[in-house]
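A closer look at the structure
The lines below spell out each chain.
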Amino acid sequence: MTRAGNLLLGLGLLLLAACSDTWNDPYPGSAADANVVYSAFAERPKHLDPARSYSSNEVEFTGQIYEPPLQYHFLKRPYELIPLTADAVPRPRYQDGRGRPLADDAPAAQIAQSVYEIRIRPGIRYQPHPAFARDAAGRYRYHALAAGFVAEKRQIADFEHTGTRELVAADYVYQIKRLAHPGLSSPIFGLMSEHIVGLQALGETLQKAAQTGHGTRLDLRAFSLEGAEVVDRYTYRIRIKGKYPQFIYWLAMPFFAPIPWEAEVFYAQPGMADRNFTLDWQPVGTGPFYLAENDPNRRMVLKKNPNFHGETYPDAGSEADRAAGLLADAGRALPLIDGAVFSLEKETIPYWSKFLQGYYDSSGISSDSFDQAVTFSAGGDPQLTDSMRAQHIRLVTTVATSLWYVGFNMLDPVVGGLGEDRRKLRQALSIAFDYDEYISIFLNGRGIPAQGPIPPGMFGHVEGVKGINPHVYEVHEGRIQRRPIEAARSLLAEAGYPDGRNAKTGEPLVLYFDTMASGPDAKARLDWMKKQLDKLNVQLVVRGTDYNRFQDKIRKGNAQLFEWGWNADYPDPENFFFLLYGPHKKVGTGGENAANYDNPEFNRLFERMKDMDNGPQRQQVIDQMQEIVRRDAPWIFAYYPKSFGLVHGWVTNVKPNLMANNTLKYRRIDPPRRAQRRIEWNRPVLWPIGAGALVLVAVIAPAVIAWRRHEKKVA
Amino acid sequence: MNAQAVVLWTDALVFLLLAVVAGLVWTIRRQEHLRAPWGAVAQRPMAMAAALVLAVFVAIGLLDSLHYRERLPDSSADAPQYSVEVLSVFDALVGELRTQKEKTYSAPLAMQLYAKEFVERDGVTVRDYPRLVHGGAHLADAAARQPDIVRRVAAGLAQGLAASLVAFAALAVWRACRAGVAVSAWLDDWRAGRLGWPARTLTGMVTLLAVLGAVLLQLTDVYHVFGTDKVGQDVLYISLKSIRTGLVIGTLTTLVTLPLAIVFGIVAGYFRGWIDDAIQYVYTVLNSIPGVLLIAAAVLIVQVYVESNPQSFDTAAARADIRLLALCVIMGVTSWTGLARLLRGETLKLRTLDYVEAARAFGVSHARIIGRHVFPNVFHLVLIAIVLDFSGLVLAEAVLSYVGVGVDPTMHSWGNMINGARLELAREPVVWWQLGAAFTFMFALVLAANLFADGVRDAFDPRMGGRR
Amino acid sequence: MLSYILRRLLYAIPILIGVNLLTFALFFVVNTPDDMARLQLGAKHVTAEAIERWKTEHGYDKPLLLNEAATGMEKLTNTIFFQHSAAMFAFRFGKGDDGRDIGNEIRTRMGPSLAIALPVFVIGLLVNITFALLMVFFRSTYLDLGGVVLCVMLMSISGLFYIIAGQYFVAKLWNLLPISGFADGADALRFILLPVLVSVVAGIGSGARWYRTIFIEEIGKDYVRTARAKGLSEVRVLFRHVLKNGMIPILTGAVVVLPLLFMGSLITESFFGIPGLGSYTIDAIQAQDFAVVRAMVFLGSFLYIVGLILTDISYSWVDPRVRLR
């Protein structure tokens, strides 16, 4: 113990010498006043290849590195698409079956193809990368490497020479072809092959070529794709089957970002993959940042791209934006920071603690730290607590364009089907699951009880009293409130289960809830679920399982009730309604309609609605569709989550934008202020060390004294 | 008939185990050489006090292992319908403790929720701490809480003391009569510790437990002694329900371990040769795979099995139970190797002893030699291993829950409590009571088990015989 | 000696094959290649062709153990089992299901694991022995009894409590050390201090108690009595004889875990965000990344066998009567 004590003391002194002011700084060796954003990631991203990546935690990186032709305006609401590398937002031109042009308002049935012609701006250059490096004779330096040469490199920065190249339209076309590449298994290949002309055929051709080619790399430049062709150096053309107005939104996602063929050639060389040198891990883009360090076990570092084409901070915004200081940097060259450091942080507690210590610039609020951060004013508006305000932390709130729901499997013999009794059963359950209470217990009010499939902020959503779900809510003295549980009881009785018992057999109604919830919070939530149905005397059996089993059940239609959520891909109601479209049923077709809901009337309206332009007519159709799903209740509309974020005082230009994924370039920070705050907030408390030493002495001293006495006695 | 008995797999095995233990006790009582070391255990105050605490835990665990489903009210007598919720005798005994739920967190002995909410007061909506539905509901205002608690604690103290005093008096009279001495003489012996069993310690322990129980009873009536959790369940109730999980894991695992370890260990040591090689091969293979992986795989396999046979697991309790059983089995499968190795070594030594060799020369069958000469001589090792492993297994459950391969998340267990408490510690002000309760109960059980194990080991291991 | 080691290493091959077979059997019951593909491909828009493609790409499109369609040796070799495990015996682990090279990953993660495990091992040994010697020195006094009770109490606390308490007090309340994370080089010190401290404290209870019994046993032996009778002081007896002879079982017991230190600690690493092999294994289990799990099991069993061989060698070292043949 003594030796260990000395050792510890020694180590402590060493530490003291190493850093005089903050002992708990998790970023050793980085300058305190670096103009760098500190953030975290909870799970290591699996794919950074824009053809493969689809999860939100990956887009956080790919969004900053890759540039699709379009982007969302940072400040404007409702969301508006603006050009990023393109000259202008393309307007589709419609053609009939014989290639003749049609008017813009031609009926959808006549349109055989929509043609998008995209012109990109010249002069945009890629980040410096060895794939572009050429020697004096103009030959690529690193395109024919020996495996031994590659094996010596640990990271991309170890390649001595780098180069760059101008972005051309062919790079965009190249990436669209990559979506069909059999080795990449792009998650949107299935969806896009329904829309892009010839993509399906290209996929089959490539598949055959891959099988006969025996492991040689497929050079996609040798294959042509009818639906994506280069017009000139800076222009390319995409052909879409029929009319698909939502396609324009896909052009703002990294799936349609450019990939230079040089990068693929470079990474295909022997030995590269063994070093994790692949497009999945080492992106090559034109965006404001490039990935300088990729150690997903510890941290990922983004740095400013020296070749960035020079975008400026937007100067259009609302008065509220101006008041919030969001226009202070209007016209300044982006990006406003030199880089960003993302550290791996799996547990919420360390994340939250480090945020409070000033080591992360922003944080979400878990339901457990909520009371520490936020209180509500008498009017019900969220406010920061005094301790947060003392730290100059700001609160940023927004309603996410997402929906959580409890789905009924419509193929289930008990809860499924479109019969009147089943419908009433589902309506009764919809009332019983008191999501208003759920929101207050588990989300601390950070959610809005959902009234239908369309979340706020999206075309088709109706605010207030007019937009309520009349089967679950009612208006009482001008206030929206959940219908009483008695209403659910009588609906249940009408459905053939008076007091939760089958009217014919007397058997109790037992329902099964499938979930893959696990983790610390799961038990509480599952208990809550059971509690809800107790109110109707209906018994709920929770069947917890793992991801694979859950997916399997949904796919085979063996589930009964299940919880699921959907995050909007783009701000169009089609992206929510298609989850209920009959032909997209999960069972049989493997689509996204997990509830297997199939109402012919709804399907017909959906087909009409999806091709319409936003306007009163479309709203009318949407209202009809809303009414159908509310009545049929294939889902219990749970809630639209609200996201609450906290940012430190030194961070500016934060406005939540749920569609844009490239907002890091707008962020500005005040490094000296941050450095000062960190010192203030992290003064080490020294007395425990002293106390520990005292305890150690107190333990050892009697031992030593007794020992001495003993020795004397013996001697 | 107002209830339908439900026998879960682990219930059946727990009672099987109980029968085995009873059988063992009966055998041991009849044989002097087996009884002697147990007599030595009974002499140790610390071990006996620990045994008493263990007995309380076991009693709760056993009560919690008698499961039934309540008949639904108004279901016809000839075709009765039963609730899908599986309850236990323990649930019936604690009564309202189970059903008294609040909305969300409340601190121990509190009368208000832990989080502010909008409450309507005199027609105005204000954000304040709402009163609990059950906790302290009988009180008019906050000022009355403290005196009420003090009064109840005092009453509990008095009741507990009185009860134990009465019990002690009865004991004294009974023992004195049986021994044929005056009660005062018996009391003198008791005071001087001359009774031949650690009477003073046990009396003290019984008193302590009685007082504790009485105080808890007084308080649980109107308060949540350990507060409530996120969905407002009483934490004391959850902790008590967790006892069964801990005990099942600690004991059923050994039920799996023992046959494997004893058979393989002794057979390997006794026969040697290729049998020994084969068994060594098996346990080296098992030993070299990280236990967590085997457990994770087993838990997943059970999940697959349950999903493909949903009709056999129609209640949540049955689903959770089969997972618990699988956990016990796989932990048993991974942990028999240590004991087997020990037994193999011991058997190797024993088989060279003169009387074993002689028996073999006389042509006594192998089974008989093993049964008569080998097994009885290694039995103490088995016993020591059981009691030592028990506490380790209880602790392991918590770690497995953290990794996500522990008991079912819907099951009450200390591991799940600790796991949930990780998030609560990040709250400000800290919600500490769930962690605190899990810690207290787990610590009490494991400490008692460890102390008892110490006593057993000292009494049975000849090498340790005179260590003090 | 050399031939002994070689023979033992050869003997390891059937064990490793057995280990491999067992992991394969267990995980394929749970996760068919289809499941694995789906897990990797994500939840949105997955088609049957994409799954087939993934399986072909990762070599899961063959039969598991026996290829009926093939002829001759191909029957055994053209299977998932053979294709995926043969390379491991040359320590080529291939790629994880997420596409990262496992060998590369193991090499980079070994350092952080050792940086925690080695100090815990060494400091833990020192602290436990010191504590045990103190108790032995004061044996049969209240200090000893108190020490034993303290040990039992310390070991009755779940390891999770130590970690939670350590993070809460040292890092959160007192700002003394970072809560979690890791860095290279000298900076690593402040990150490993807390996990090491917590792990050592958590190990004192069982460790010190176990060593105490070993020393007590040693002290009761005849030669110690003789030494004492010769008039050697108690301290001398303790250090010269008891400690020296007691170290034999302690060290030989410790040698077996020595190679396994590479594997790191599952729980400590994931709580403190140490990018070591322990957290790698846990992540792989949770993500059901079978390729990584298989590699880690293989590596673990290999190191375990190395540990067993080292134990035998160290026995023959300290006790000349034991001969290795």
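In this convention, every chain numbers its residues from 1, walking through the sequence in written order. Lettering of chains starts at A and numbering of ligands starts at 1, both following the order in which they are written. For a predicted model such as this one, the threshold for reporting local features is a pLDDT of at least 70, and the threshold for listing and counting side-chain atom pairs is 80 or more; totals across whole chains, interfaces and linings nevertheless cover every residue. Only hydrogens and water are set aside when side-chain values are computed; all heavy atoms of the structure are taken into account.

A few points about the domain arrangement of chain A
Where each domain begins and ends is defined by an automated method or by a domain database. According to the domain assignment, chain A contains domain 1 (3-21 + 685-714) and domain 2 (402-643). The straight-line distance from the C-alpha centre of domain 1 of chain A to that of domain 2 of chain A is 63 Å.

Topic: the sheet that holds strand 6 (residues 113-119) of chain A
All names here are of chain A. The pairing criterion is simple: DSSP has to find at least two bridges between the two strands. Each helix corresponds to a stretch of at least 4 residues labelled H or I by DSSP, and each strand to a stretch of at least 2 residues labelled E; elements are numbered beginning at the N terminus. Pairing within the open sheet is antiparallel, and its five strands lie in the order 5-4-6-8-7. Whereas interior strands pair on both sides, the edge strands pair on one side only; in this sheet they are strand 5 (101-102) and strand 7 (228-232). Bridging between strand 4 (residues 93-95) and strand 6 involves three bridges; their strand directions are antiparallel. Bridging across to strand 6, Gln95 finds its partner in Gln113. Contacts: residue pairs with any heavy atoms within 4.5 Å of one another. The convention used is that axes are lines fitted to C-alpha atoms, helices contributing only their stretch in contact, and that angles between N-to-C directions extend from 0 to 180 degrees. Packing of helix 4 (residues 169-178) onto the sheet brings it into contact with strand 7 and strand 8 (235-241), and relative to strand 7 it is tilted by some 175°.

Examining the interface of chain A and chain C
Taken residue by residue, the interface counts 69 residues in chain A and 61 residues in chain C. Computed with a 1.4 Å rolling probe, the buried area is the accessible surface lost when two parts are put together, summed over both parts. Of the roughly 6,100 Å² buried where chain A meets chain C, counting both sides, 55% is carbon and sulfur surface. When a carboxyl oxygen of Asp or Glu lies within 4 Å of a side-chain nitrogen of Lys or Arg, that pair is called a salt bridge. Remark: the boundary between chain A and chain C carries zero salt bridges. Under the rule applied, a polar contact is a pair of N or O atoms within 3.5 Å (in protein, one hydrogen donor and one hydrogen acceptor; residues adjacent in sequence only if both atoms are side-chain atoms). At the junction of chain A and chain C, the tally comes to 11 residue pairs in polar contact (both at pLDDT 80 or more). When contributions to the side of chain A that touches chain C are tallied by element, the ones reaching two or more residues are helix 1 (2-18), helix 5 (189-193), helix 10 (348-356), helix 17 (547-556), strand 22 (561-567) and helix 23 (687-714) of chain A. Ranked by residue count, the leading element in the side of chain A that touches chain C is helix 23 of chain A, at eight residues. Grouping the constituent residues of the side of chain A that touches chain C by class yields 32 nonpolar, 18 polar and 19 charged. Each residue gets one label: Ala, Val, Leu, Ile, Met, Phe, Trp, Tyr, Cys and Pro are nonpolar, Asp, Glu, Lys and Arg are charged, and the others, such as Gly, are polar.

Description of the packing of helix 12 (residues 316-350) of chain B against helix 14 (residues 366-403) of chain B
Residues and elements named next belong to chain B. Packing of helix 12 against helix 14 leaves a shortest axis separation of 10 Å and a crossing angle of 150°. The orientation of helix 12 relative to helix 14 falls into the category roughly antiparallel. When you trace helix 12 past helix 14, the crossing you get is right-handed. Here helix 12 contributes Leu327, Met331, Leu339, Leu342, Leu343, Glu346, Thr347 and Leu350 to the contact with helix 14, which in turn contributes Val374, Asn377, Val378, Leu381, Val382, Ala385, Leu393, Ala396 and Leu400. Residues that form the contact of helix 12 with helix 14 fall into these classes: 14 nonpolar, two polar and one charged. For classification purposes, an angle smaller than 35 degrees is called roughly parallel, one larger than 145 roughly antiparallel, one from 65 to 115 roughly perpendicular, and anything else oblique. By definition, any crossing whose near helix is turned counterclockwise from its far helix by less than a right angle is left-handed, and any crossing with a clockwise turn is right-handed.

With respect to the sheet that holds strand 3 (residues 82-88) of chain B
All names here are of chain B. Spatial ordering of the open sheet is given by 1-2-3, a layout of three strands whose pairing is antiparallel. The sheet is open, and its two borders are formed by strand 1 (3-6) and strand 3, each paired with just one other strand. Each adjacent strand pair in this sheet contributes to an overall mean axis angle of 30°, direction not counted.

A few points about helix 16 (residues 522-534) of chain A
Residues and elements named next belong to chain A. Across its 13 residues, helix 16 extends 19 Å between first and last C-alpha, which sits within 8% of the 18 Å expected from 1.5 Å per residue. In terms of burial, helix 16 is a largely internal element, 10 of the 13 residues being buried. Relative accessibility under 20% of the residue-type maximum defines a buried residue, over 50% an exposed one, and the middle range a partly exposed one, all with a 1.4 Å probe and only protein chains included. Those residues of helix 16 not exposed but buried are Ala522, Lys523, Ala524, Arg525, Leu526, Asp527, Trp528, Met529, Gln532 and Leu533. The inward-facing, buried residues of helix 16 contact helix 13 (420-432), helix 14 (435-442), strand 20 (510-515), strand 21 (539-544) and strand 22. A helix's residues, less one, multiplied by 1.5 Å, set its expected span.

Brief notes about the pairing of strand 16 (residues 402-408) of chain A
All names here are of chain A. Most of strand 16 sits inside the fold, with six of its seven residues counted as buried. Alignment of strand 16 against strand 22, held across seven bridges, turns out to be antiparallel. Residue Val406 lies in a different strand from strand 22, and its bridge partner there is Glu563. Of the pairings in the sheet, the one linking strand 16 to strand 23 (residues 635-647) comprises four bridges and is antiparallel in character. Its bridge partner lying in strand 23, Tyr405 is registered against Phe637.

A word on the packing of aromatic side chains
Ring geometry is summarised as follows: Phe, Tyr and Trp rings, the Trp one being its six-membered ring, pair when their centres sit within 6.5 Å, and such pairs are stacked at plane angles under 30 degrees, edge-to-face over 60 and tilted between the two. In this structure the tally under the stated criterion is 59 aromatic pairs over all chains. Seen in terms of ring centroids, Phe247 of chain A and Phe256 of chain A are 5.5 Å apart; in terms of plane orientation they differ by 85°. Their pairing is edge-to-face. Judged by relative accessible area, which is 0%, Phe247 of chain A ranks as buried. Centroid distance Phe89 of chain C to Phe298 of chain C: 5.2 Å. Interplanar angle 80°. Geometry classified as edge-to-face. A residue pair is termed long-range when its members are at least 10 positions apart, and Phe89 of chain C in the loop between helix 5 (80-85) and helix 6 (102-137) and Phe298 of chain C in helix 14 (residues 290-318) qualify at 209 residues. The structure contains a cluster of three or more aromatic residues connected by ring pairs, namely Tyr142, Phe149, Phe159, Phe266, Tyr267 and Phe277 of chain A. Positioned above the aromatic ring of Tyr270 of chain B, the side-chain terminus of Arg351 of chain B is 5.9 Å from the ring centre. Only Lys NZ and Arg CZ are tested; either one counts as a charge over a ring when it is within 6 Å of the ring centre and within 35 degrees of the ring normal. Above the plane of the ring of Phe290 of chain C lies Arg294 of chain C, whose end atom (NZ or CZ) is 4.8 Å from the centre.

Details of the nonpolar core
By size, the foremost hydrophobic cluster in this structure holds 200 residues, and its most contacted members are Trp414, Ile418 and Phe452 of chain B. Per-element tally for this core: the top contributor is helix 14 of chain B, with 19 residues. Counting only domains with at least three residues in this core, you end up with domain 1 (139-220) and domain 2 (235-454) of chain B. Sequence-distant contacts of Trp414 of chain B, that is, excluding residues within four places in its chain, are made with Ser239, Ser242, Ile243, Gly246, Val394, Glu397, Ala438, Phe441, Met442 and Leu445 of chain B. By size, the runner-up hydrophobic cluster in this structure holds 125 residues, among which are Phe41, Met300, Val396 and Met625 of chain A. Nonpolar core, defined: a set of buried Ala, Val, Leu, Ile, Met, Phe, Trp, Tyr and Cys residues in which side-chain atoms within 4.5 Å join the residues together.

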